[in-house]
Amino acid sequence: TDQVSALSHELVYSNKNLILAKSASMKKVAADIVDVAASPATVLIVGESGTGKELVANAIHRASVREKKPFLTLNCPSIPEDLFESEMFGHRRGAYTGAVETRAGYVEAAEGGTLFLDEVGDLPLKSQAKILRFLEQKTYLPIGEHKERVADVRVIAATNQSLEGLVKQKKFREDLYYRLGVCTIKLPPLRDRKDDIPLLSLFFTLRFASEMSKPTDGIADDALWLLANHD
């Protein structure tokens, strides 16, 4: 159909990653993904909840030389402070009460690949210090071990908060902020890129129709208008 044909012309590819973009702001994001993927530097992705931060992080990974290695996501708010070091760096059996078996942390599991720290702004200061040291030294020490290990892991972080504001409030380390933000990608909310709404709506309609084996040739014009003009 005409709608499907139009959709195919609006797809922007970032290597093997599909970025749906008609707006200039999202086409810039697609270009930024290609730029930062070629670098080993840490990346900070900033945007409101639902703007696609993990999608962009995964796209950076898959566009990089690390694409065949693991891509792991650590949701920072979900990890209790007293368990963060163990989750991040692992532990040996018997290292502490309850450590009934040796367990690899996220850093070891992501070796050679990418570790995505989602909502890094929610990390308590103690955990921030451990992340900073890891980024500076490129080494880590599982709990219960005495010899540091060298890590080959790229770190990408994301936040829906203003880290600058948290720094001013003494809730986020300034040195960690600058260490994470070597490269920064800002994702605009959908309300600021409404040109993408018809494109996204059609894409998901066709995808879900295919998954449910439902025939469709697109979306009615009045339905698209309602979606594009919703607040």
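Here is a short report on the structure shown in this document. These figures come from a predicted structure and were not determined experimentally.

### Thoughts on the environment of Gly144
- Mapped onto the elements, Gly144 comes out in the loop between strand E6 (139–140) and strand E7 (149–150).
- A relative accessible area of 36% places Gly144 in the partly exposed class.
- Once the C-alpha coordinates of Gly144 and Arg173 are considered, the two residues, 29 residues apart in sequence, prove to be 27 Å apart.

### A look at a nonpolar patch on the surface
- The grouping of Phe204, Phe208 and Met212 at the surface amounts to a nonpolar patch, some 290 Å² of accessible area in total.
- With respect to the element layout, Phe204 can be found in helix H9 (residues 197–211).

### A look at unusual backbone geometry
- Positive phi is not limited to glycine here, since Lys170 has a value of about 65 degrees.
- Structurally, the position occupied by Lys170 is in the loop between helix H7 (163–168) and helix H8 (174–180).
- Phi at Ser213 is positive, roughly 55 degrees, even though this residue is not glycine.

### Re the nonpolar core
- Ranked by size, the top nonpolar core spans 29 residues in total, and within it Met88, Val107, Leu117 and Phe134 carry the most contacts.
- Ranked by the residues each element gives to this core, the list is headed by helix H6 (residues 125–137), at four residues.
- Not counting chain neighbours up to four residues away, the residues in contact with Met88 comprise Leu74, Gly105, Tyr106, Val107, Leu115, Leu117, Ile131 and Phe134.
- Residues Ile33, Val36, Ala63 and Phe71 belong to the second largest nonpolar core, which totals 23 residues.

Basis of the calculations
Residues numbered from 1 in each chain as written. Predicted model: local features only at pLDDT ≥ 70, side-chain atom pairs only at ≥ 80, totals over all residues. Heavy atoms only, no water. Helix = DSSP H or I, 4+ residues; strand = E, 2+ residues; numbered from the N terminus. Buried < 20%, exposed > 50% of the residue type's maximum accessible area, 1.4 Å probe, protein only. Patch = residues over 30% accessible without salt bridge, like charges linked within 9 Å, V, L, I, M, F, W, Y side chains within 5 Å. Areas by Shrake-Rupley, 256 points an atom, 1.4 Å probe, with all protein chains shown as cover. Salt bridge = Lys/Arg side-chain N within 4 Å of Asp/Glu carboxyl O. Core = buried A, V, L, I, M, F, W, Y, C linked by side-chain atoms within 4.5 Å. Contact = heavy atoms within 4.5 Å.

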